[in-house]
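Summary of the model geometry
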Amino acid sequence: MSPPSTVSVTITVNGEAQRLDLDPRASLLDTLRLGLDLNGTKKGCNQGACGACTVLLDGERVNACLVLAVTCDGQKVTTVEGIGMPDNLHPLQDAFVEHDGFQCGYCTPGQIVSGVALLAEAASGQPSVVDVDLSPDSAAQLSDEEISERMSGNICRCGAYPGIRAALRQAAQTIQPARA
Amino acid sequence: MTTTQTTPIIGQATRRVTGPLKVSGQATYAAEFSKDFGPELAHGVLVTTMAASGRISSIDTEQAEAAPGVVKVFTHLNAPELPYEEPVMRPQVQPQVGDPLRPLQTDQIFFSGQTVAVVVAETLEQAEHAATLVRVTVDETAADTDLHAAHQRPEADEKQDTPRVSAPKKPAENGKMTGRPSDVTVGDPDAAFESAAHTVDLDVEIKTLVNHPIEPHATIAWWEGNTLTVHDKTQWVDNARHKLALAFGIRQEEIDLKVDALNTVKDAVEGVLGVQESSVRVITPFTGGGFGSGLRTWPHTFLTAMAARELDRPVRLVLTRAEMFTSVGHRPHNLQRVRLAADADGRLQSVIHEGWQETSLYEEYTMNLLNTTRMAYATPNLRTTYRLVPLNIQTPTSMRAPGECSGAHALEVAMDALAYEIGMDPLELRRRNNATHDVQGTPFSSKHLAEAYDLGAEKIGWADRPLAPRSMRDGDDWVGLGVSSTFYPANRMKASASARLLPDGTAQVHSAASDMGPGTYVSMTMVAADTLGLPLDKVKFALGDSDFPHAPVHGGSMTMASVGPAVKAACEAAIQAVIELAVDDDASPLAGASADDVRLEHGELIGPGGRETLMAAVARHGEPVEATASLGPNKLQALMPSDYAFHSYGCVFARVRVDARTGEPRVEKVVAVNDVGKVINPTTAASQTIGGVVMGIGMALMEEAILDPNFHRYANDTLAEYHALTNRDAPEIEAHFVGEPDYELNPLGARGVGEIATVGTSSAVVNAIYHATGARVLSLPATLDKLL
Ligand code: FES
Ligand code: FES
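Numbering of residues starts from 1 in each chain and follows the order in which that chain's sequence is written. Working convention: letters from A go to chains and numbers from 1 go to ligands, in the order in which they are written. Whole-chain, interface and lining totals are the exception, using all residues; otherwise, since this is a predicted model, local features are given only for residues with pLDDT of at least 70 and side-chain atom pairs are given and counted only at 80 or more. Here the side-chain values reflect all heavy atoms present in the structure, with hydrogen atoms and water set aside.

Once that is clear, we can look at the overall build of chain B. Elements are defined by DSSP. Helices are runs of H or I of four residues or more, strands are runs of E of two residues or more, and each kind is numbered from the N terminus. Within chain B, the secondary structure is distributed over 17 helices and 29 strands. Counting only C-alpha atoms, chain B reaches 80 × 70 × 55 Å along its principal axes. When a residue's accessible area, from a 1.4 Å probe over protein chains only, is under 20% of the maximum for its type it is buried; when over 50% it is exposed; and in between it is partly exposed. Buried residues in chain B amount to 66% of all 788 residues. Throughout, the Shrake-Rupley method with a 1.4 Å probe supplies accessible areas, and for residues the shown protein chains are the sole cover considered. About 25,900 Å² of surface is accessible on chain B, with carbon and sulfur atoms providing 48% of the total. Placing the 66 positive and 100 negative side-chain charges of chain B at their respective mean positions leaves the two points 3 Å apart. Neither His nor the chain ends is counted toward charge; the positive residues are Lys and Arg and the negative residues Asp and Glu. Taken as the charge location is NZ of Lys, CZ of Arg, CG of Asp or CD of Glu.

Shown next as C-alpha cells:
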C-alpha cells in the first residue's frame with residue numbers, strides 16, 4: 001500500500017497558530033502530546049471513556065482522543081496549559097489544590113478543562129439530565145448533583161470525586177465564566 | 001539570619017507540594033518523557049493473541065514489515081534470547097513459584113491477550129497500523145477459565161500433568177500473618193460449629209477486578225553503550241532496575257542488587273565495591289495510580305528495552321486500555337465459603353473460612369485471602385483453608401489490599417448474616433467479638449477499634465436504625481444502613497534516604513520511593529521539614545530515581561512507615577554532622593561545646609554557651625552538609641520475630657438506597673473511621689481513605705471483568721464497559737481517624753493508610769443493601785438484577 005500522505009492544517013493551540021503536516025490518522029490528542037510536546041492533556045483510554053484527554057475545541061469540551069487532528073483545521077484548541085500554568089494558576093486549578101481534588105494527578109488536567117467548560121455551559125443555560133430547565137446565570141448555584149452529573153465524563157480512579165466537587169463548588173462562586 | 005520553623009508540621013493538614021504541577025498537567029509521567037527525544041524516538045505497539053492456549057504455529061509479519069515507517073517487527077522467531085537471570089532472593093511482589101511470562105522467548109500461549117509480537121515504527125500511527133497487519137496462527141489446545149468447575153476437581157497429586165487445585169507450594173515462611181499457609185487450625189472448629197447455638201454458612205464469590213490506574217503502563221528505554229536508562233510506570237524503581245539488570249545479564253548491576261535484595265543499603269554496597277555508575281537507571285518521578293499494577297516489572301518493559309537495544313535508538317511503548325486487562329495483573333476471581341458459629345450471646349465459637357483463587361498456569365500468585373480471618377475476631381476455634389486453581393489467565397497481581405479486601409469482604413458479610421441469625425445488632429456482634437490478639441495469641445501493638453465503632457455509629461446515625469431489613473422506605477427507595485469492620489496488616493521494611501543541607505538555607509532530601517497518588521512527596525517533605533526545623537518551602541524532597549538511596553516497594557501501605565523514618569533519620573544524621581562542624585568552628589556560638597550537649601529546637605542549635613540556627617551554621621561552613629541513613633527491618637516486619645502483631649483497624653458505615661421499582665442500588669453516604677497510628681498529613685490521609693472507599697463501592701456495585709467462557713477473553717475490556725465509579729456514583733464520604741502513634745512499629749508511629757481504606761467498604765455496602773431490601777448478595781458485584 002502507498003504511504004498515507006500528510007495533510008497540512010493550521011490549528012490555533014492556546015492562542016498560537018500551529019502549522020502542522022499531519023498523518024490523517026493522528027488524533028488531536030496524539031498530535032498535542034507527541035507532535036507539539038504538550039503533555040498536559042493526558043491519554044487514559046484512547047476510546048472516549050475516561051475524559052483524561054478533555055480539551056476545549058472552539059470553546060466546547062471534547063475528548064481529544066476521538067477527534068482526528070486533520071479535522072481541526074482553522075479551529076482553536078485550548079489545553080490545560082492554556083488554562084493555567086504552575087506560576088499562574090486558574091482559580092479552578094487553585095481550588096483543586098486547596099480541596100485536594102486529586103491524588104495521582106493523571107486525570108486532573110481533564111477534570112480541570114471539563115470543569116472550566118462546565119461553568120461556561122451552566123452559565124449559558126445548557127441543561128443536563130439533572131436539571132433540564134437550568135437557567136442562564138445559574139452556574140453559581142449548581143447543586144452537588146448537578147456538578148457530579150456534569151463531571152461524570154471524567155473518571156478519577158484515585159476517587160477524588162468529593163474534592164473535585166468541592167473545588168467546582170468554590171470555583172462556581174468565584175469565577176465569572178465567559179458567556180458562550 | 002535564616003528562616004526556621006517554630007510550629008510542628010507533622011500532623012497538620014498540608015497541601016500537596018506537587019499540586020501546582022499536577023493541576024496544570026506539568027507533572028511528567030513515564031510516557032511523557034517523549035518530550036526529551038526528537039524524531040529519534042521510535043514507537044512500539046504490542047500484538048496480542050486471541051487464542052488462550054496452545055503454540056504459535058506461524059506468524060506472518062511480511063505485510064507489517066512492508067508498511068510505511070515500520071522499523072522492525074519482533075516475534076519469538078527473531079527476538080534475541082535474553083538471560084533473564086534469577087535473583088538470589090525473589091522480591092515479595094513476585095510469585096515465589098513458577099516463572100514470569102517472557103513473551104517472544106517462547107511460542108507457548110497461556111492466555112488470551114498474551115503478547116506475541118512488538119511492532120516498532122517511526123510514528124505511533126504507523127506502528128498501530130502495522131500491528132493490525134501481523135497475522136498470528138496458533139495451534140490451539142483446550143483452555144480452561146472456569147473457576148467454578150475447576151475448583152471442584154480433586155486436588156493435584158504428583159502424577160497429574162496439569163494440577164487443577166493445590167495448596168500453595170511455598171506456603172508461609174513462618175506462622176506469621178503475612179505468610180499464606182494452606183491450612184491453619186486452632187481448636188476443634190468442626191465440633192464447635194456443630195454444637196453452637198447459631199450458625200451461618202455462606203458461599204461468596206468475587207469476580208475478577210482490574211486495577212486500572214488512569215495512566216496506562218508505559219515505558220521509554222534507551223541505551224548508551226552498556227548503560228540502560230528507563231522511564232517506566234512503576235511503584236518500585238529499585239526493583240525495576242534490578243529486574244532489568246537481571247534480564248539483560250548486566251553483571252555489575254547484579255552484584256550490586258543481589259546485595260540489595262537482601263536489603264543492604266545501595267550506597268554502602270557502592271562504597272564497598274567501588275561501583276560508581278549504575279548501568280541501569282530507572283527514573284519515574286510521577287506515577288499516575290497503580291494500586292498494585294506497578295509493583296512488578298511486566299513483560300512490556302523488558303520488550304521495550306530489548307527493542308531499544310536491538311535498534312540502538314530510544315523506544316516508547318504505551319499499553320492500550322484493552323492491554324491493561326491482560327498485561328499488568330488483576331485482582332483474581334475467587335470463591336469462598338465462610339461458616340461462623342456463635343453462642344446465644346453472640347460470642348464466636350467457630351470460624352471456618354475456605355478460599356479458592358485463580359492463578360495462571362505459569363506462576364503461583366498468592367495473596368492474603370484468609371489472613372484477616374485469623375486476626376479479626378476472638379474465637380476459640382478456627383480453620384482457614386487456602387487453595388489455588390491454575391487457569392488460562394495471566395498471573396494475577398496485587399490490587400489495593402490484595403487478599404484482605406476479598407477475604408474480609410466474605411467474613412464481614414458472614415458476620416452480618418450471623419447477627420441477623422441471632423437477632424442481634426450487627427455492630428453489637430462486632431463489639432462483642434473485638435479481639436485483643438490474633439488467633440496465635442500475639443497481642444496487637446495498638447488498637448482503637450472500639451472508639452472507631454463509636455465514632456462511626458454516631459456519624460452515620462446508627463442508633464436510629466431499626467434492626468429488621470426492608471423497614472426503611474423513602475419515596476420509591478428502600479433505604480438501608482450497613483457496617484463492616486476493616487483490618488490491614490501494618491508493615492515496614494528497611495528504607496534509606498539522604499539529606500543534603502545547602503549553604504543557601506535549603507535542604508534536599510532523596511529516596512528511591514514512589515508516589516502513585518497518596519502524597520509521598522508532601523508527607524516526606526513534612527517529615528524532613530519537621531525534623532530540620534525548616535519551613536516546608538525550604539525543603540525539596542525528590543523520589544522515583546533508582547540512583548537515590550534504596551526504598552522498598554511503594555505498596556502494602558508501608559511507604560510512610562518505612563521511608564518516613566529513614567527520611568527522619570537522614571535529617572537527624574545531617575543535623576549531627578552540622579553540630580560536629582559547629583562545635584569545632586571558632587566562629588560559631590557553639591564553639592568548644594561537646595557535641596552531645598547541643599540539641600536542635602525549632603531549627604536552632606542550642607548549646608551550653610550559645611545558639612545559632614542550623615542553616616546559619618551550614619551557611620558559614622560554605623559547603624553542603626550531607627548524610628544518609630538506613631532504617632528498618634531487613635525483611636517485612638510481619639515476618640520478623642516480634643512481641644506484637646501489627647495491624648490497622650477501622651470500620652465503614654454505608655447508607656444505601658435501592659430503587660424499589662428498578663432494583664438500582666446507590667450509595668448515599670459512607671463514613672470510614674480508621675486507626676492507622678499517627679496521621680502525618682490529615683489532608684492526604686483523608687483523600688486516600690476517600691479514594692479507597694470509592695474503589696470499594698465500585699467493587700460492591702459495578703466492577704467486574706467478564707470472562708467470555710468460549711473465547712476465554714474479557715468481554716468488556718474497555719473503560720466504557722468495565723464500570724469504574726464516576727463522579728455521580730460517588731456519595732458523600734467522611735473520613736475520620738482515631739488512635740494514637742504506634743511507636744512499637746516505627747519512630748514516626750505511622751502505620752499507613754492506602755489499603756485499609758479499601759477493605760470493608762464493599763461489605764458495608766452489601767450489608768446495607770441487605771438492610772434496605774432483605775436481599776443478601778453473595779456474588780459481587782451487586783448489580784440490580786440481583787436485587788429485583
Ligand atoms: S483518553 Fe480520551 S477519553 Fe480517555
Ligand atoms: S487523581 Fe488519579 S485518576 Fe484522578
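Let's shift gears to the interface of chain A and chain B. Contacts between chain A and chain B engage 57 residues on the former and 62 residues on the latter. Counting the surface lost from both chain A and chain B, the interface buries some 4,600 Å², and carbon and sulfur atoms represent 58% of this. Here a salt bridge means any side-chain nitrogen of Lys or Arg lying within 4 Å of a carboxyl oxygen belonging to Asp or Glu. Counting across the interface, chain A meets chain B through 7 salt bridges. Here Glu32(B) ties to Lys42(A) by a salt bridge, and the two come within 3.0 Å at their closest N and O atoms. Side-chain atoms alone can form a polar contact between residues adjacent in sequence; in general such a contact is a pair of N or O atoms within 3.5 Å, and within protein one must be able to donate a hydrogen while the other accepts it. Our count for the chain A to chain B interface comes out at 26 residue pairs in polar contact (both at pLDDT 80 or more). Those elements that place two or more of their residues in the side of chain A that touches chain B are α1 (28-35), α2 (80-83), α3 (91-98), α4 (108-123), α5 (144-150) and α6 (161-174) of chain A. Working rule for contacts: check all heavy atoms of both residues, and any pair within 4.5 Å makes them a contact. In this description, buried area is defined as the sum, over both parts, of the accessible area (probe of 1.4 Å) that is lost when the two are combined.

What follows concerns the nonpolar core. Residues and elements named next belong to chain B. We define a nonpolar core as any set of buried Ala, Val, Leu, Ile, Met, Phe, Trp, Tyr and Cys residues linked to one another through side-chain atoms lying within 4.5 Å. Counting residues in hydrophobic clusters, the biggest one holds 226 residues, and the most contacted among them are Phe248, Leu340 and Val567. Residue contributions to this core peak at 13 residues, all from helix α14 (residues 559-583). Excluding its chain neighbours within four sequence positions, the residues that come into contact with Val567 are Ala497, Val509, Met524, Val527, Ala528 and Phe541. Core analysis: the second largest hydrophobic core is formed by 21 residues, Val47, Ala67, Ile109 and Ala130 among them.

For the rest of this paragraph, the subject is the packing of aromatic side chains. Residues and elements named next belong to chain B. The aromatic pairing rule takes the rings of Phe, Tyr and Trp, using the six-membered ring of Trp, and pairs them if the centres are within 6.5 Å, calling planes under 30 degrees apart stacked, those over 60 edge-to-face and the rest tilted. Under the counting rule described, the total for this entry stands at 17 aromatic pairs over all chains. Aromatic side chains Phe110 and Tyr362 sit 4.9 Å apart centroid to centroid with 50° between the ring planes, which places their arrangement in the tilted category. Taken together, the residues span a long stretch of sequence, with Phe110 in the loop between β4 (108-109) and β5 (115-121) and Tyr362 in the loop between β14 (348-359) and β15 (382-390) at a distance of 252 residues. Overall, the relative accessible area of 14% leaves Phe110 in the buried class. Arg473 extends its terminal NZ or CZ atom over the ring of Trp478, reaching a point 4.7 Å from the ring centre. Counted as over-ring charges are cases with an Arg CZ or a Lys NZ within 6 Å of the ring centre that also lie within 35 degrees of the ring normal. Over the ring of Tyr770 we find Arg776; its NZ or CZ atom is 3.8 Å from the centre of that ring.

Let's shift gears to the sheet that holds strand β12 (residues 315-318) of chain B. All names here are of chain B. Pairing within the open sheet is mixed, and its 7 strands lie in the order β3-β5-β1-β12-β9-β10-β11. Here the strands that pair on one side only, and so sit at the sheet edges, are β3 (70-75) and β11 (280-282). Sheet twist, expressed as the average angle between the axes of neighbouring strands with direction ignored, equals 20°. The criterion for strand pairing is that DSSP finds at least two bridges linking the strands in question. Summarising the sheet, strand β10 (residues 227-232) and β11 pair through 3 bridges and their orientation is parallel. Bridge pairing links Leu228 to Val280 in β11. Angles here are taken between N-to-C directions and fall from 0 to 180 degrees, while the axes themselves are lines fitted to C-alpha atoms, restricted in helices to the stretch in contact. Helix α6 (residues 237-247) rests against β10 and β11 of the sheet, and its axis sits at about 150° to β11. Helix α9 (residues 299-311) rests against β1 (42-48), β3, β5, β9 (218-224), β10 and β12 of the sheet, and its axis sits at about 35° to β9.

Two modes of strand pairing occur in sheets, parallel and antiparallel, and in both the strands are linked by backbone hydrogen bonds. Residues and elements named next belong to chain B. A sheet is described by the order of its strands in space; here 5 strands give the open sequence β7-β15-β14-β13-β8, paired in mixed fashion. Of all strands in the sheet, those with a lone pairing partner are β7 (183-186) and β8 (198-206), marking the two edges. Within this sheet the neighbouring strands show an average axis-to-axis angle of 10°, counted without direction. Where β7 and β15 come together, 4 bridges link them in antiparallel fashion. Looking across to β15, one finds that Thr185 is bridged to Arg383.

Glancing now at the domain arrangement of chain B. Residues and elements named next belong to chain B. Here the domain parsing of chain B yields domain 1 (19-27 + 493-632), domain 2 (40-142 + 215-325), domain 3 (163-210 + 329-433) and domain 4 (446-488 + 647-788). For the domains described, the bounds stem from an automatic or database domain assignment. With centres defined by C-alpha atoms, the gap from domain 3 to domain 4 works out at 19 Å. Counting residues at the interface gives 38 residues for domain 3 and 43 residues for domain 4. Between domain 3 and domain 4, a total of about 3,400 Å² is buried, with carbon and sulfur atoms accounting for 61% of that surface. The largest share of the area that domain 3 buries against domain 4 comes from Arg400, Tyr420 and Leu427, three residues that together contribute 21% of it. Close ionic contact of Glu704 with Lys207 constitutes a salt bridge, the shortest N to O distance being 3.1 Å. Remark: the boundary between domain 3 and domain 4 carries 20 residue pairs in polar contact (both at pLDDT 80 or more). For the side of domain 3 that touches domain 4, the elements supplying multiple residues, two or more each, are β8, α10 (404-422) and α11 (426-432). Ranked by residues supplied to the side of domain 3 that touches domain 4, first place goes to α10 with 10 residues. Lys, Arg, Asp and Glu make up the charged group, whereas Ala, Val, Leu, Ile, Met, Phe, Trp, Tyr, Cys and Pro make up the nonpolar group; the residues left over, Gly among them, are polar. Taken together, the residues of the side of domain 3 that touches domain 4 sort by class into 21 nonpolar, 6 polar and 11 charged.

Attention now goes to the pairing of strand β13 (residues 334-342) of chain B. Remark: a regular strand shows side chains that alternate across the two faces of the sheet. All names here are of chain B. Burial analysis of β13 places 8 of its 9 residues in the buried class, which makes it a mostly covered element. By the bridge criterion, 9 bridges tie β8 to β13 in an arrangement that is antiparallel. Bridging from a neighbouring strand, Thr199 pairs with Ala341 of β13. Relative to β14, β13 runs antiparallel, the two sharing 9 bridges. Its bridge partner being in β14, Val338 is matched across the sheet by His353. Following β13, the chain reverses through 5 residues before pairing antiparallel with β14; Gly346 in that reversal takes a positive phi of roughly 85°.

Note: most residues except glycine have negative phi, and most peptide bonds are trans. Residues and elements named next belong to chain B. In this model, Leu780 is joined to Pro781 through a cis peptide bond whose omega is -5°. With respect to the helices and strands, Pro781 occurs in the segment after α17 (761-773). Even without a glycine there, the phi angle at Leu104 is positive, about 70°. With respect to the helices, strands and loops of the structure, Leu104 is situated in the loop between β3 and β4. Accessibility expressed as a relative area gives 3% for Leu104, which makes it buried. Positioned with a positive phi, His212 is a non-glycine residue whose angle comes to about 45°. Mapped onto the elements of the fold, His212 is located in the loop between β8 and β9. Its relative accessible area of 2% is what places His212 among the buried residues.

Residue placement: Leu124(B) occurs in helix α3 (residues 124-131). Judged by relative accessible area, which is 9%, Leu124(B) ranks as buried. Each C-alpha atom of the pair Leu124(B) and Arg316(B) lies 9.2 Å from the other, and the pair is 192 residues apart in sequence. Those residues in contact with Leu124(B) that lie beyond four places of it in its chain are Asp30(A), Leu34(A), Lys43(A), His43(B) and Val45(B).

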